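So you can see what is in the structure, the chains are spelled out below.
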Amino acid sequence: MSTLYLVATPIGNLSDLSPRAREVLSTVDFIAAEDTRVTQKLLNACELPKKPMISYYEHNRRARGEAVLEKLLAGETCALVTDAGTPAVSDPGEDLVALCAEHDVPVIPIPGCCAAVCALAASGLPTGRWCFEGFLSVNKKARREHLDTLQGEKRTMIFYEAPHKLCATLRDLRDAFGGDRRLSLSRELTKLHEQTLRMTLDEAVAYFDANAPRGEFVLILEGTPDEPETEQDEADRLASAAKAVRRRVEQGQTQKDAVKAVSAETGVKKNALYRYVLDHEE
């Protein structure tokens, strides 16, 4: 049955190619690869059988996507791979997946390495909510506009960067978010010289001015910290919550049940709200 498999490949350490990925690469009819030479080296190194390959990358995605789809509709199976990591995420493969979705061709992801997630896990920064921003544009205006849209972003942000652009990017991030903002920088993940550094943006600029960047980097940037709540903020929250309690009481709820419900909805502490309601009864 025609199926497009999204096969994650190692980002450095060949041992990270999973048994399931090996099986899929061994059994599909053909492979759509970002660079067929790189993929052939992977197959050789892992002692996997040779497969017919078609190149699929940024500058030929439209024509080659149609060619891959034609084969899939004819009943063949295909493994989509990039040179390293998970395909179809911030990658031309997303177009191929969309094309398959339009034509009801099954798409099955084969999990594996993802540099962004690996670096996030090792960052020491909050991981509950995050956003992936990829590579910043080399165009200064587009780059500035991109960073402007992230002002006030509370989620942890993930960026990719090449070594020759890292210093300029760190300065742009410092200008946009302030020198005290925390980040981690992971380079050469899973490789011999793997390293994760944790510092502020000011410290990172100074460090890489003195130490030339080497290897591909994943930058994990802290989101905008929450503003500390003032006494006035707390008073306003209590007053607003008390109004909600009164509305519920007017609708027939007991005061106790209304306080409990509003406390759960708003996050205002139940005891503080109950005292406030009693103190401000009309």
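An account of the accompanying structure is given in this report. (Residues numbered from 1 in each chain as written. Predicted model: local features only at pLDDT ≥ 70, side-chain atom pairs only at ≥ 80, totals over all residues. Heavy atoms only, no water.)

Here the focus is the nonpolar core. The tendency in soluble globular proteins is for nonpolar side chains to be buried side by side. Ranked by size, the top nonpolar core spans 21 residues in total, and within it F159, L170 and L185 carry the most contacts. Among the secondary structure elements, those contributing two or more residues to this core are β7 (156–161), α7 (166–177), β8 (182–187), β9 (195–200), α8 (201–210) and β10 (217–221). Excluding residues within four positions of it along the chain, F159 makes contact with E133, G134, L136, L147, L150, L173, F217, V218, L219 and L221. (Core = buried A, V, L, I, M, F, W, Y, C linked by side-chain atoms within 4.5 Å. Buried < 20%, exposed > 50% of the residue type's maximum accessible area, 1.4 Å probe, protein only. Helix = DSSP H or I, 4+ residues; strand = E, 2+ residues; numbered from the N terminus. Contact = heavy atoms within 4.5 Å.)

Estimated volume of the largest pocket: approximately 1,200 Å³. Contributing to the lining of the largest pocket are 44 residues, with I11, T82, A84, G85 and Y160 lying nearest its centre. Elements that contribute at least two residues to the lining of the largest pocket include exactly α2 (36–45), β4 (77–81), α5 (115–122), β6 (130–135), β7, β8 and β10. Class assignment of the residues belonging to the lining of the largest pocket gives a composition of 24 nonpolar, 10 polar and 10 charged. (1 Å grid on protein atoms, 1.4 Å probe; cavity = no way out; pocket = protein on both sides within 12 Å on 5 of 7 lines; lining within 4 Å. Points joined across faces, edges and corners; volume = space filled by probe spheres on them. Nonpolar A, V, L, I, M, F, W, Y, C, P; charged D, E, K, R; others polar.)

Further remarks concern the sheet that holds β10. The strand order across the open sheet built from 5 strands is β6-β7-β10-β8-β9, with neighbouring strands paired in mixed fashion. Looking at strand neighbours, the two that pair on one side only are β6 and β9, the edges of this open sheet. Each strand of the sheet is rotated relative to its neighbour by a mean of 20 degrees, with strand direction disregarded. Pairing geometry for β8 and β9, over 6 bridges, is antiparallel. (Pairing = 2+ DSSP bridges. Axes fitted to C-alpha atoms, helices over the stretch in contact; angles between N-to-C directions.)

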